[in-house]
Amino acid sequence: MDENEMENTDTEAYEEEHEEDVGDESRRNFMKKGALASGAAALGLAGSSGSAAAQQRTQVLVFTYDYYPNVTFRVTQGLQASTTVNVLRRPGGGTVPEISQPDDYNGYVINYRLGAQGQQSAGITTLLFTRETLQTDARYRLAGDAQVFSSDLNLLSTNARRIGGGS
């Protein structure tokens with residue numbers, strides 16, 4: 001038997017003796033990690049870089065031609081209630097079936113920044129609506145999926161998630 005064969009035999013014998021120990025240790029590590037992940041998820045911390053409150057999703061309405069999925073935007077200012085109501089009505093002044101009470105919604109002016117960080121980027125300013133309150137100067141990101149909310153008003157429904165504080 002040459003030196004390499006002896007080394008392989010010794011390694012195989014060691015692995016056979018400790019195979020059960022390694023399996024048990026792997027299971028223990030897996031269970032520990034699973035318990036930690038479950039605990040973090042229960043606290044709302046799994047995969048987060050901020051507080052659980054910063055990870056809340058808000059249902060929003062955005063015009064179909066101004067929907068940029070997974071792109072960050074900043075809330076620049078709130079709209080006056082009368083402007084929000086006017087925008088969420090038909091051009092003739094009537095309501096659409098999906099929005100019987102346009103005054104239930106808050107309107108916001110938002111600004112998307114398209115382009116790589118540190119490079120010149122294009123800014124797109126548009127409107128966004130929600131029944132909840134968004135914080136001015138806060139940054140949000142739209143979800144990657146959306147549904148048609150009102151074909152009459154050309155609005156999509158999606159979720160926005162706050163990703164930071166000021167600009």
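The coordinates are above.
Description of the structure in this document. Keep in mind it's a predicted model, so treat the numbers as computed, not measured. (Residues numbered from 1 in each chain as written. Predicted model: local features only at pLDDT ≥ 70, side-chain atom pairs only at ≥ 80, totals over all residues. Heavy atoms only, no water.)

**Description of the side chain of Ser 157**
Within the secondary structure, Ser 157 is located in strand E7 (residues 155–164). You can call Ser 157 buried: its relative accessible area is 8%. Among the polar contacts made by the side chain of Ser 157, one reaches the side chain of Gln 59 at a distance of 2.8 Å. (Helix = DSSP H or I, 4+ residues; strand = E, 2+ residues; numbered from the N terminus. Buried < 20%, exposed > 50% of the residue type's maximum accessible area, 1.4 Å probe, protein only. Polar contact = N/O pair within 3.5 Å; in protein donor to acceptor, adjacent residues only side chain to side chain.)

**Some thoughts on the nonpolar core**
Soluble globular proteins tend to bury their nonpolar side chains together. By size, the foremost hydrophobic cluster in this structure holds 17 residues, and its most contacted members are Phe 73, Val 75, Ile 110, Tyr 112, Leu 128, Tyr 140 and Leu 142. Among the elements that make up this core, the one with the highest residue count is strand E3 (residues 106–114) (three residues). Setting aside chain neighbours within four positions, we find Leu 128 in contact with Val 60, Leu 61, Phe 73, Asn 106, Gly 107, Tyr 108, Ile 110, Leu 134 and Leu 142. Phe 63, Leu 88, Ile 99 and Leu 153 belong to the second largest nonpolar core, which has eleven residues in total. (Core = buried A, V, L, I, M, F, W, Y, C linked by side-chain atoms within 4.5 Å. Contact = heavy atoms within 4.5 Å.)

**Topic: the environment of Gly 144**
Assignment of secondary structure puts Gly 144 in the loop between strand E5 (139–142) and strand E6 (147–150). For the pair Gly 144 and Tyr 68, spaced 76 residues apart in sequence, the C-alpha separation works out to 8.3 Å. Leaving out residues up to four positions away in the same chain, Gly 144 has contacts with Tyr 67, Pro 69 and Asn 70.

Read these as spatial facts, not as claims about activity.
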